[in-house]
Amino acid sequence: MPLSLSVPDPLVSKAFKRALHQNVLACLGPEVFDWYWYICADKRGFGEGCVWPGLDGHQMGHALLWAGHLAENFGYWEYVREWQQPDGRVFNGINTKAGTGAPASGAVAKPAWCLGSSTWIKQGYDLFRFSQDEAWLEANFPSIDAAARWLHAQTGSNGLIGRSAYYFDCPARYEFDGITQGYVYRNYLQAAELAEHAGATARAEQLRSKANELREAFSRHFWRGDHCAEYIHPQRGAIDLHGLTDVDWMAQAAGLLDQKADEILWQRLARSEELYYGIMPTGTSASPELHKDWERPAGHLHDRPFTDCAAMGRCWYIEAMARYRRGDGEGLLDTIRRVATVGQRSGWFWRERYYRLNMPPGPARETILTTVRSDKWGSADVFEDLGVAGARTQTYAEYPANLVRICCQWLAGVDLAVDGTLVLAPCAPEEFFDNKFGLEATLLERPVKICYHRDGVTGTIGPGPAWRVNLRPGCWPRLAGVAARVEAEGKQLPVSEVGEMLTWQIPAATKPQTFSCTTQTG
């Protein structure tokens, strides 16, 4: 069944379709390798034959998993695994033609040092969830665990993961970047789930313990009373110079703070537009013009020192994750519509970076505008009425890939647990439930069609073995209490409650089955 999103919003519907077909699927490159994908839809940007095990590759890989391209993901994994170093480190980029790997960029700050290894764990986690290949997990968990061990080896005496910025080149975030802490915290938990599933219970407990230690260290070093510091400099301490940053969204997305601090930060972030660069989500800092000279890296990209003072798809994904965690369907949809609006204005392509046009006058603004106009990256998309200019490669697939991922797993709320359970937990505004919305996809080699409505959900799944379903009834905004009746092919099924989830099992069948879970106010 082809991947398809059905929502009562024409702009989002069209954006999803164009992001998937005109961008993500257009990146498939069997002319290079059977499993290969580019990271630009024009198949030119960032090098033919280059492989990006950092975020670029994972964002594409995850979106392609949703579109049913499991074989390409397995091939990608096998290739990159051959490049994993004996200590567990995974390169951020690989030039397949030159036969060279790039462990990090930068002369001094070493940004992206942890990016490849961290993303490797995410890639393995998603590949197993979407395949449920037990033999693959048995053979590959040692590789995933080696990456987790390498990441832990980067821990400083303060309990934080060092080696500088996660996805930040210029200006640099020297040594202890807040984004790194959040992603590695999640890596430990993801690796722990895989370890548990693989029967390595003791290792799973170790990984959870490391996650708790990292979370505590983050809270101790980063929390500033109503927001988070951006990074911890080895000599200057906590750097908190640029207002709200993407680290604040990460603290929310990963749940890095205690309940009181978490709520304080959410109240500040929820309806703030400080991190929107014009219309575009999500910027790296509210006041990029306040960066100091000493924050610029030595040698690397010194002619473009504010390259990453921009809105980027990877930052938007973190904001979307946070809004999903908080159940903010209105805010999540607003960000999707913002991204869709800019894509529509660009013929349904997206740039790598989007820069704010309404910055205060000064050297930083002029430097950023020079970056936008740089001949190196070609002409810019300048949208004065939207307050944003898009620069660098013209058909970069990061925003499209993340739009597909965000709409599938969070807006439509369809996902797979590590044991293959089908999880239904949409995060959408109230009017979506009144008008019906849902997703069609092929998951675990079975066609799945999900339709949400005011009183519950109906679905159809293809033939196959019994399948566990978890449903979060709290997603339905008008329901104060829940009484659930689940049926499959007209026969009532037993339902139990596990935490905030209702759970039931659809029986094995040799033909497609229709099921429903109807809810009523208690």
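Here's a quick rundown of the structure. Note that the structure is a prediction, hence the values are computed from the model and not measured.

**Concerning the overall build of the chain**
Link 1 in the chain: Scanning the chain for helices and strands turns up 14 helices and 21 strands.
Link 2 in the chain: Taking 522 residues into account, the globule formula puts the C-alpha radius of gyration at 24 Å, and the chain, at 22 Å, falls close to it.
Link 3 in the chain: In terms of overall dimensions, the chain has a C-alpha envelope of 70 × 50 × 50 Å along the principal axes.
Link 4 in the chain: For the chain, the residues scored as buried account for 60% of the 522 residues in total.
Link 5 in the chain: Residue pairs at least 24 apart in sequence account for 71% of intrachain contacts in the chain once pairs closer than 6 positions are excluded.

**Focus on helix H9 (residues 259-269)**
It helps to recall that an α-helix has 3.6 residues per turn; residues three or four apart then point in one direction.
Link 1 in the chain: Every buried residue of H9 is accounted for by Ala 261, Asp 262, Leu 265, Trp 266 and Leu 269. Each buried residue of H9 lies within a common arc of 135° when the element is viewed along its axis, so the set occupies one face. Seen from the open side of H9, the exposed residues pointing more than 90 degrees away from its buried face are Gln 259, Lys 260 and Gln 267.

**Details of the pattern of salt bridges**
Side chains that differ in charge, positive against negative, can pair when their charged atoms come close.
Link 1 in the chain: Overall, the coordinates contain 33 salt bridges when judged by the stated rule.
Link 2 in the chain: Residue Lys 43 is joined to Glu 31 by a salt bridge in which the shortest nitrogen-to-oxygen separation is 3.5 Å. Linking Lys 43 in the loop between helix H1 (10-24) and strand S2 (50-51) with Glu 31 in the loop between H1 and S2, this pair joins segments that are 12 residues apart in sequence.
Link 3 in the chain: Looking at Glu 31, the relative accessible area reads 48%, which means it is partly exposed.
Link 4 in the chain: When the shortest N-O distance is used, the salt bridge between Asp 246 and Arg 173 registers 2.7 Å. Highlighted residues: Asp 246 in helix H8 (residues 246-254) and Arg 173 in the loop between helix H5 (134-152) and strand S5 (176-177), separated in sequence by 73 residues.

**Overview of the sheet that holds strand S12 (residues 422-424)**
Link 1 in the chain: Taken together, the five strands give an open sheet; going across it, the order is S11-S12-S16-S20-S19, and neighbouring strands pair in mixed fashion. Of all the strands in the sheet, just strand S11 (414-416) and strand S19 (496-498) have a single pairing partner and so form its edges. Across this sheet, the average inter-strand angle for adjacent strands is 30°, counted without regard to direction.
Link 2 in the chain: In terms of strand pairing, S11 meets S12 through three bridges, oriented antiparallel.

**Here's the deal with unusual backbone geometry**
Link 1 in the chain: Cys 170 connects to Pro 171 through a cis peptide bond whose omega is -10°.
Link 2 in the chain: Among the structural elements, Pro 171 can be located in the loop between H5 and S5.
Link 3 in the chain: In this structure, Glu 175 takes a positive phi of about 85° despite not being glycine.
Link 4 in the chain: Here Glu 175 shows up in the loop between H5 and S5.

**Quick notes on the sheet that holds strand S6 (residues 231-233)**
Link 1 in the chain: If you trace the three strands from one edge of the open sheet to the other, you get S5-S6-S7, paired in antiparallel fashion. In the strand order of this sheet, the two ends are held by S5 and strand S7 (237-239), each with one partner.
Link 2 in the chain: Across the face of the sheet, helix H7 (residues 201-222) comes into contact with S5, S6 and S7 while running at roughly 75° to S6.

**With respect to the nonpolar core**
Link 1 in the chain: Counting residues in each nonpolar core, the largest one holds 164 residues, and the members touching the most others are Val 414, Leu 424, Leu 443 and Trp 504.
Link 2 in the chain: Core analysis: the next-biggest nonpolar cluster, separate from the first, contains 12 residues, Tyr 355, Leu 357, Ala 364 and Leu 369 among them.

**Considerations on the packing of aromatic side chains**
Link 1 in the chain: Following the criterion strictly, the structure yields 28 aromatic pairs and no others.
Link 2 in the chain: What links up through ring pairs into an aromatic cluster is the set Phe 33, Trp 35, Tyr 36, Trp 37, Tyr 38, Tyr 76 and Tyr 79.
Link 3 in the chain: The positively charged end of Arg 236 is found above the aromatic ring belonging to Trp 294, 3.9 Å away from the centroid.
Link 4 in the chain: In this structure, Arg 405 packs its charged tip against the face of Tyr 317, placed 3.9 Å from the ring centre.

**Description of the layout of surface pockets**
If a probe as big as a water molecule is rolled over the atoms, it shows which places are left empty.
Link 1 in the chain: Estimates place the volume of the largest pocket at around 900 Å³.
Link 2 in the chain: If you trace the largest pocket, you find 30 residues lining it, with Tyr 125, Arg 186, Tyr 324, Trp 410 and Asp 415 closest to the centre.
Link 3 in the chain: Elements supplying a minimum of two residues to the lining of the largest pocket: helix H2 (55-66), helix H4 (115-131), helix H6 (178-197), H8, helix H10 (313-325), helix H13 (398-411) and S11.
Link 4 in the chain: No other element matches the six residues that H6 contributes to the lining of the largest pocket.
Link 5 in the chain: When its residues are assigned to classes, the lining of the largest pocket shows 16 nonpolar, five polar and nine charged.

**Notes on H13**
Link 1 in the chain: Taking 1.5 Å of rise per residue, 14 residues should cover 20 Å, and H13 covers 18 Å from first to last C-alpha, within 8% of that figure.
Link 2 in the chain: Within H13, 14 of the 14 residues are buried, which leaves it mostly tucked inside the rest of the structure.
Link 3 in the chain: In the segment just after H13, Gly 413 is the residue with positive phi, at about 65°.

**Section: the packing of H10 against helix H11 (residues 329-345)**
Link 1 in the chain: Close contact between H10 and H11 brings their axes to 9 Å; oriented N to C, the two are set at 155°. Taken together, the axes of H10 and H11 lie roughly antiparallel to each other. Relative to H11, H10 is oriented so that their crossing is left-handed. Each of Trp 316, Glu 319, Ala 320 and Arg 323 in H10 lies in contact with H11, whose residues at this interface are Gly 331, Leu 332, Thr 335, Ile 336 and Val 339.

**Some thoughts on the side chain of Thr 96**
Link 1 in the chain: Topologically, Thr 96 is positioned in the loop between strand S3 (93-95) and strand S4 (100-102).
Link 2 in the chain: Within polar-contact distance, the side chain of Thr 96 engages the backbone oxygen of Gly 49 at 2.4 Å.

**Some remarks on the packing of H2 against helix H3 (residues 70-81)**
Link 1 in the chain: At their nearest, the axes of H2 and H3 sit 8 Å apart, and the two run at 150° to each other. Put simply, H2 runs roughly antiparallel to H3. The crossing of H2 and H3 is left-handed. Facing Gly 57, Gly 61, Leu 64 and Leu 65 of H2, the residues of H3 in contact are Leu 70, Asn 73 and Tyr 76.

Reading the values: rules and limits
Residues numbered from 1 in each chain as written. Predicted model: local features only at pLDDT ≥ 70, side-chain atom pairs only at ≥ 80, totals over all residues. Heavy atoms only, no water. Helix = DSSP H or I, 4+ residues; strand = E, 2+ residues; numbered from the N terminus. Rg over C-alpha atoms; globule rule 2.2 N^0.38 Å. Buried < 20%, exposed > 50% of the residue type's maximum accessible area, 1.4 Å probe, protein only. Contact = heavy atoms within 4.5 Å. Arc of directions from axis to C-beta. Salt bridge = Lys/Arg side-chain N within 4 Å of Asp/Glu carboxyl O. Pairing = 2+ DSSP bridges. Axes fitted to C-alpha atoms, helices over the stretch in contact; angles between N-to-C directions. Core = buried A, V, L, I, M, F, W, Y, C linked by side-chain atoms within 4.5 Å. Phe/Tyr/Trp six-rings, centres within 6.5 Å; stacked < 30°, edge-to-face > 60°. Lys NZ or Arg CZ within 6 Å of the ring centre and 35° of its normal. 1 Å grid on protein atoms, 1.4 Å probe; cavity = no way out; pocket = protein on both sides within 12 Å on 5 of 7 lines; lining within 4 Å. Points joined across faces, edges and corners; volume = space filled by probe spheres on them. Nonpolar A, V, L, I, M, F, W, Y, C, P; charged D, E, K, R; others polar. Expected span 1.5 Å × (residues − 1). Parallel < 35°, antiparallel > 145°, perpendicular 65-115°, else oblique. Left-handed = near helix turned anticlockwise from the far one by under 90°. Polar contact = N/O pair within 3.5 Å; in protein donor to acceptor, adjacent residues only side chain to side chain.

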